[in-house]
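Chain by chain, the residues:
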Amino acid sequence: MKSNLNGQSILLLSLNGLFVFAAALSGTFLNVYLWKSRQDYAMIGWFNVSQQIALGIMVWVAGKWVKEHNKMNALRVGTALSGLFYLVVLYTGSQAVNYIWPLGMLLGAALGLFWLAFNVIFFEVTDRVSRDHFNGWVGLLGSFSGIVGPWLSGWIIARMEDDAGYRVIFSISLALYVVGVVLSFFLHKRKTTGSYNWLEPKQRLSQKGSMWRPLSLSLVTQGIREGVFAFLITLLVYVATQQEWKLAQFSLITSAVSFFSFWAVGKWLKPHYRSVGMLLGAVLLVIALLPLLWRMEYSTLLIMGIGTALFLPLYLIPMISASFDLMGVSEEDANQRVELVVLRELCLMVGRLTGMLIFLSVLSMSKAPIAMIWLLIGLALMPVAGWVFMRNVLKKEQTTKQSKSHSKARRWHRQTE
């Protein structure tokens, strides 16, 4: 079976690219924008906590809509709410810091709707053979967006006075979300099957011997790391340099490295090397942080950023592909793909929320740079724990593939005798 992507896959990738580019354009500087109004790490932390709470609630509730009704509408509403978020930020301006919780919950609801619908459609338009290839392209588009988006934003902000540059980039993101909504109408309406089981995530985790148990633990550990890294690294770069242009430069370089890395891993990392790739990537992600122990400045942050960009795809692509492969193990699992995507997103949300609560706890005890560094190193160890949980899942998956391959070979020999 060829791994070439079909028209619907390419269209879905295009929509993903628009969504991610809009987020890269403004999202990179969103926390900086809030920070400039009020220099408070805790405020930024609670903004991200509110996002995750809303995301988790929306994913679980919207699962019924996505499974029993039109999942394309969920995708559109998620994109539209993202545009509404930036419209509200434009309207409130520097007073946005006074509305951290409602703004965070609006953005979280938007992200929850979009990614739930996207991941379900992603499962439907790909198969086991094309999934790694598709994920590689998702990573490439994300990296390309990370290269162009922040650089363009930084250039605009640096060229304009006061907060005018921020208003321009938020407006551009708003326009891109509108284009994304229009583009979504060219995606085929997907068939709906069965009724939504509200308690499927709980039931799946309570099954003895279920592969979803170790997978869920691995997803939680992934979320613990990414929940904090997603906002703290860019904020630390800005705090260290006090220049948006330096942050744009940081994103440009690290995303260029990530672009290459996602392409290489998506192209050459075969399914039977997923376990080795995950372990190698997890260990190297920790090593990449060690330069910060020497000194936290732009140069060491850049070394860490390049290392992370280089090694993260080794961990992330196998992790994503294996979790989606598990959804298609049987016809019953495939019919419950919406509930399983909900389970996956809830696990990531629990992890992100846990990571940010750890961050806030450390912050309440110390705001010293060294405390931040050790926090980052501690959180960076989470993917190693994730691999420990995932190794049996990957081993069983490989054994199943080999068994099916041998069974096919035996049938072919019997037919040719």
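This is a predicted model, so every value here is computed, not measured.

1. Notes on the packing of aromatic side chains
Two aromatic rings are characterised by how far apart their centres lie and by the angle between their planes.
Consideration 1: Throughout the structure, instances matching the rule amount to 24 aromatic pairs.
Consideration 2: Ring plane angle 35° and centroid distance 5.5 Å describe the contact between Tyr 86 and Phe 170, whose orientation is recorded as tilted. Here Phe 170 lies in helix H6 (residues 164-184) and Tyr 86 lies in helix H3 (residues 71-92), a separation of 84 residues in the sequence.
Consideration 3: By relative accessible area, Tyr 86 is classed as buried at 3%.
Consideration 4: Their ring planes at 80° and their centres at 5.0 Å tell us that Tyr 196 and Trp 198 sit as a pair that is edge-to-face.
Consideration 5: Residue class for Tyr 196 comes out buried when judged on its relative accessible area of 7%.
Consideration 6: Owing to a relative accessible area of 32%, Trp 198 belongs among the partly exposed residues under this scheme.
Consideration 7: Between Lys 246 and the ring centre of Tyr 298, over which it is positioned, the NZ or CZ distance is 4.6 Å.
Consideration 8: Here Arg 295 stacks its cationic end above the ring of Trp 294, 4.9 Å away from the centre of that ring.

2. Details of the side chain of Thr 234
Consideration 1: Residue position: Thr 234 is located in helix H8 (residues 212-241).
Consideration 2: Owing to a relative accessible area of 16%, Thr 234 belongs among the buried residues under this scheme.
Consideration 3: Side-chain polar atoms of Thr 234 contact the backbone oxygen of Phe 231, separated by 3.1 Å.
Consideration 4: When residues no more than four places from it in sequence are discounted, the contact partners of Thr 234 are Thr 28 and Leu 247.

3. Description of the nonpolar core
Generally speaking, soluble globular proteins have nonpolar side chains that are buried together.
Consideration 1: Tyr 41, Phe 85, Leu 232 and Phe 359 are the most contacted members of the largest nonpolar core, which has 121 residues in total.
Consideration 2: When residues of this core are sorted by domain, at least three fall in each of domain 1 (1-184) and domain 2 (207-405).
Consideration 3: Not counting the four nearest positions on each side in its chain, Phe 359 is found in contact with Tyr 41, Gly 45, Val 228, Phe 231, Leu 232, Met 372 and Leu 375.

4. Quick notes on helix H10 (residues 274-287)
Consideration 1: The end-to-end C-alpha distance of H10 is 20 Å, a good match for the 20 Å that 14 residues give at a rise of 1.5 Å each.
Consideration 2: Turning to H10, its buried residues number three or more, namely Arg 274, Gly 277, Met 278, Gly 281, Ala 282, Leu 284, Leu 285 and Val 286.

5. Here we look at the environment of Arg 159
Consideration 1: With respect to the helices, strands and loops of the structure, Arg 159 is situated in helix H5 (residues 131-159).
Consideration 2: The exposure class assigned to Arg 159 is exposed, which follows from its relative accessible area of 61%.

6. Section: the pattern of salt bridges
It is possible for side chains bearing opposite charge to pair when their charged atoms get close.
Consideration 1: Applying the stated criterion across every chain yields a total of 9 salt bridges.
Consideration 2: The partner of Lys 67 in a salt bridge is Glu 339, and the shortest N-O contact between them spans 2.9 Å. With Lys 67 in helix H2 (residues 41-68) and Glu 339 in helix H13 (residues 337-365), the pair connects residues that are 272 residues apart, well separated along the chain. Each member of the pair Lys 67 and Glu 339 is classed as buried.

Analysis parameters
- Residues numbered from 1 in each chain as written.
- Predicted model: local features only at pLDDT ≥ 70, side-chain atom pairs only at ≥ 80, totals over all residues.
- Heavy atoms only, no water.
- Phe/Tyr/Trp six-rings, centres within 6.5 Å; stacked < 30°, edge-to-face > 60°.
- Helix = DSSP H or I, 4+ residues; strand = E, 2+ residues; numbered from the N terminus.
- Buried < 20%, exposed > 50% of the residue type's maximum accessible area, 1.4 Å probe, protein only.
- Lys NZ or Arg CZ within 6 Å of the ring centre and 35° of its normal.
- Polar contact = N/O pair within 3.5 Å; in protein donor to acceptor, adjacent residues only side chain to side chain.
- Contact = heavy atoms within 4.5 Å.
- Core = buried A, V, L, I, M, F, W, Y, C linked by side-chain atoms within 4.5 Å.
- Domains from an automatic or database assignment.
- Expected span 1.5 Å × (residues − 1).
- Salt bridge = Lys/Arg side-chain N within 4 Å of Asp/Glu carboxyl O.

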